[in-house]
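Examination of the molecular architecture
Residues per chain, in single letters:
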Amino acid sequence: MHGKQVLITGATRGIGLAAAEALAARGANVAIVGRNKTALRIAAARVTAAQRKAAAVDTLIADLSSQAAVRKLAAEVLARYPRLDVLVNNAGAMHTRRQVTEDGIELTWAVNHLAPFLLTMLLRDRLQASAPARIVTTASAAHQGARIPFADLNAERSYRGFERYGQTKLANILFMSELARRLEGSGVTATCFHPGLVATGFNRNNGLIMDLGMTILRPVSRSPQKGAETLVWLATLPQSALANGGYYFDKQQVMPSPEAQDMDTARRLWEVSEAQCASPRRGAETP
Ligand SMILES: NC(=O)c1ccc[n+]([C@@H]2O[C@H](COP(=O)([O-])OP(=O)(O)OC[C@H]3O[C@@H](n4cnc5c(N)ncnc54)[C@H](OP(=O)(O)O)[C@@H]3O)[C@@H](O)[C@H]2O)c1
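What this report covers is the structure whose coordinates are included nearby. Worth saying up front: this structure is predicted, and the values here are computed from it rather than measured.

1. Some remarks on the pairing of strand E4 (residues 86–89)
Of the two faces of E4, both are covered, the one formed by Val 86 and Val 88 as well as the one formed by Leu 87 and Asn 89. Here strand E1 (residues 5–9) runs beside E4; their pairing, made up of three bridges, is parallel. The residue of E4 that forms the bridge with Val 6 is Val 86. In terms of strand pairing, E4 meets strand E5 (residues 133–138) through four bridges, oriented parallel.

2. Side note on the packing of helix H4 (residues 107–129) against helix H5 (residues 161–183)
Look at H4 against H5: their axes get within 8 Å of each other, and the N-to-C directions meet at 15°. By the angle between their directions, the pair H4 and H5 is classed as roughly parallel. When the axes of H4 and H5 are compared, the crossing they make is right-handed. Across the interface between the two elements, Thr 108, Trp 109, Asn 112, His 113, Pro 116, Phe 117, Thr 120, Met 121, Arg 124 and Gln 128 of H4 pack against Arg 164, Tyr 165, Gln 167, Thr 168, Lys 169, Ala 171, Asn 172, Phe 175, Leu 179, Arg 182 and Leu 183 of H5. Here the residues of the contact of H4 with H5 sort into nine nonpolar, eight polar and four charged.

3. Notes on the packing of aromatic side chains
Scanning the model with the defined rule gives six aromatic pairs in all. Plain terms: the ring middles of Phe 162 and Tyr 165 are 6.0 Å apart, the flat faces sit at 40° to each other, and that makes the pair tilted. Remark: Tyr 165 and Phe 162 occur in helix H5; sequence separation between them is three residues, near one turn of the helix. A residue is classified by how much of its surface remains accessible, and Phe 162, at 52% relative accessible area, is exposed. Three or more aromatic residues link up through ring pairs in this structure, and these residues are Phe 117, Phe 175 and Trp 270. Of note, Arg 182 hangs over the ring of Trp 270, and the distance from its end group to the ring centre comes to 4.0 Å.

4. A short note on the side chain of Thr 191
With respect to the element layout, Thr 191 can be found in strand E6 (residues 188–194). Given a relative accessible area of 1%, Thr 191 falls into the buried group. In contact with Thr 191, not counting residues within four places along its chain, are Ile 135, Val 136, Thr 137, Met 176, Leu 234, Leu 242, Ala 243, Gly 245, Gly 246 and Tyr 248.

5. Quick look at helix H1 (residues 14–25)
Between its terminal C-alpha atoms H1 stretches 17 Å, which fits the 16 Å expected from 12 residues at 1.5 Å a residue. Burial runs high along H1: 11 of the 12 residues are buried. For H1, the set of buried residues is Gly 14, Ile 15, Gly 16, Leu 17, Ala 18, Ala 19, Ala 20, Glu 21, Leu 23, Ala 24 and Ala 25. If you follow the buried residues of H1, they end up packed against E1, strand E2 (29–34), helix H2 (37–50) and helix H7 (224–236). Residue Gly 27 follows H1 closely and has a positive phi angle near 100°.

Rules behind the numbers
- Residues numbered from 1 in each chain as written.
- Predicted model: local features only at pLDDT ≥ 70, side-chain atom pairs only at ≥ 80, totals over all residues.
- Heavy atoms only, no water.
- Buried < 20%, exposed > 50% of the residue type's maximum accessible area, 1.4 Å probe, protein only.
- Helix = DSSP H or I, 4+ residues; strand = E, 2+ residues; numbered from the N terminus.
- Pairing = 2+ DSSP bridges.
- Axes fitted to C-alpha atoms, helices over the stretch in contact; angles between N-to-C directions.
- Parallel < 35°, antiparallel > 145°, perpendicular 65-115°, else oblique.
- Left-handed = near helix turned anticlockwise from the far one by under 90°.
- Contact = heavy atoms within 4.5 Å.
- Nonpolar A, V, L, I, M, F, W, Y, C, P; charged D, E, K, R; others polar.
- Phe/Tyr/Trp six-rings, centres within 6.5 Å; stacked < 30°, edge-to-face > 60°.
- Lys NZ or Arg CZ within 6 Å of the ring centre and 35° of its normal.
- Expected span 1.5 Å × (residues − 1).

If you want it as structure tokens, here you go:
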């Protein structure tokens, strides 16, 4: 990974931070994205400490719930890095209470799906110009049983935290497979993976009962380092060994749910995502 430029979102803690450390240890120049200056500074110190040889560790600030912030982030990346070898879309969260972003988009959908969609679209040319390059997205087995609610994309009629989270993780897989199809022959690959149940900050934002639940699950959860292993493997494996558009678990390609394999749904999701990013208030909350 020497000399390779990697960009990782959600790298202030959890799986993203562990992946950033592991990639820095392999010699990559790592740029970590977070929304909090202090958290970013602490994370950057850990990534720097993990390096074997001195490489660049950069920080970029963006609250990915805001499309303006995603656009600003992409502009900064394009200005700073003449090449981008690996884009890791990892930031994500679950919210038991429905919230709406400044763009009028339901928050989980905005951060987990639309932010990676928009960021990838804005960096796509730079990735193609850097080919061979790759995009890795952190999905989840929570996509199992989920469907994309095209008739209620903003979850105005029905909202349940875990169900919504599963929809966004299904969207991650559909996005990667449609992107892979569109990138065929470009030298840029797109894959995603399920990290397993990992002891991180995940679901620690949803009140005392959820927090307690995560603490109870801790003994059966993986470490962030173990959870990041497949991400690091997908980011470093020889390109020829990757199944473009593939969904992985524990360094093996596995089949996602039937819904996640439906290319008509993937195409339709692409179109509505483009519309939501072009004009966030379209199909979003009516004031
Ligand atoms: N943990 C699991 O068991 C598990 C299982 C399957 C999939 N996943 C997926 O793994 C990914 C990483 O999660 P994790 O488990 O490592 O959880 P985590 O420790 O909570 O880390 C989540 C990261 O995402 C960032 N983030 C959240 N909302 C953001 C926003 N609006 N703007 C910018 N950054 C934001 C967080 O930044 P802050 O520090 O600023 O909050 C943090 O760095 C997620 O996509 C999650 O869906 C996790």
